[in-house]
Amino acid sequence: MNERHFPCEYCDTALPLQARRVTLTLQRNGRWYIFENVPAEVCPNCGHRYYDGPTLVQLERLIEEQADQLRPVEAWAFSLPVEAL
Ligand SMILES: [Zn+2]
């Protein structure tokens, strides 16, 4: 029997996921939200990030409640023109 374990569902690496702190952006109602130091498990091969459910619930709650911990930041955005195919 092949008991090989596949830690990542997006690639076939056998390397274990690594616990890291990452920056995550979410867009809600036309606003961008940037979360820093978010705990994640990261695939060392393809870079896919896995977040646990409670962490994501916490972030959604911060957005929903417009929590005091949220601070505005200045940002610049530019959209590249989309060429007709
Ligand atoms: Zn992977």
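Residues numbered from 1 in each chain as written. Predicted model: local features only at pLDDT ≥ 70, side-chain atom pairs only at ≥ 80, totals over all residues.

Undergrad: Looking at this model, I keep getting lost on the pairing of strand β1 (residues 18-28). Mind explaining?
TA: The two faces of the sheet receive side chains in turn, since in a regular strand these alternate between them. Burial of β1 is sparse: only zero of the 11 residues sit out of reach of the surface. Relative to strand β2 (residues 31-42), β1 is paired through 10 bridges, and the arrangement is antiparallel. Note that in β2 the partner of Arg21 across the bridge is Pro39. Turn length for the β1-β2 hairpin, with the two strands adjacent in sequence and antiparallel, is two residues, and the turn residue Asn29 shows positive phi of about 50°. (Buried ≥ 20, exposed ≤ 12 C-beta atoms within 10 Å, placed from the backbone. Helix = DSSP H or I, 4+ residues; strand = E, 2+ residues; numbered from the N terminus. Pairing = 2+ DSSP bridges.)

Undergrad: What exactly am I supposed to notice about the pairing of β2 here?
TA: Sheet analysis places β2 next to strand β3 (residues 49-50), joined by two bridges and oriented antiparallel. Each bridged residue has a counterpart across the sheet, and for Val42 the counterpart in β3 is Arg49. Hairpin remark: β2 followed by β3, antiparallel, with six residues in the connecting loop; positive phi at Gly47, about 85°.

Undergrad: Where do I start with the environment of Glu36 in this structure?
TA: Examined against the element boundaries, Glu36 turns out to sit in strand β2. For Glu36, a count of 8 C-beta atoms within 10 Å translates into the label exposed. A C-alpha to C-alpha distance of 6.2 Å links Glu36 and Val22, two positions 14 residues apart in sequence.

Undergrad: I'm lost on the environment of Ile63 in this one. Help?
TA: With respect to the helices, strands and loops of the structure, Ile63 is situated in helix α1 (residues 53-64). A sequence separation of 23 residues divides Ile63 from Ala40, and the C-alpha atoms of the two residues are 19 Å apart. For Ile63, the residues in contact, after removing those within four places along its chain, are Leu26, Arg28 and Tyr33. (Contact = placed C-beta atoms within 7 Å.)

Undergrad: Even after reading the chapter, I still don't get unusual backbone geometry, so can you show me in this structure?
TA: What you tend to see is this: most non-glycine residues have negative phi, and most peptide bonds are trans. Despite not being glycine, Asn37 shows a phi value in the positive range, around 60°. Counting through the fold element by element, Asn37 comes out in strand β2. Judged by C-beta crowding, with 9 C-beta atoms within 10 Å, Asn37 ranks as exposed. One non-glycine residue, Gln66, lies in the positive phi region at around 45°. Relative to the helices and strands, Gln66 is located in the segment after α1.

Undergrad: How should I be thinking about the sheet that holds β2 in this particular structure?
TA: What holds strands together in a sheet is hydrogen bonding between their backbones, with the strands either parallel or antiparallel. Pairing in this open sheet of three strands is antiparallel, and the strands run β1-β2-β3 from one edge to the other. What marks the edges here is a single partner per strand, and that holds for β1 and β3. Contacting β1 and β2, α1 runs over the sheet at an angle of about 165° to β2. (Axes fitted to C-alpha atoms, helices over the stretch in contact; angles between N-to-C directions.)

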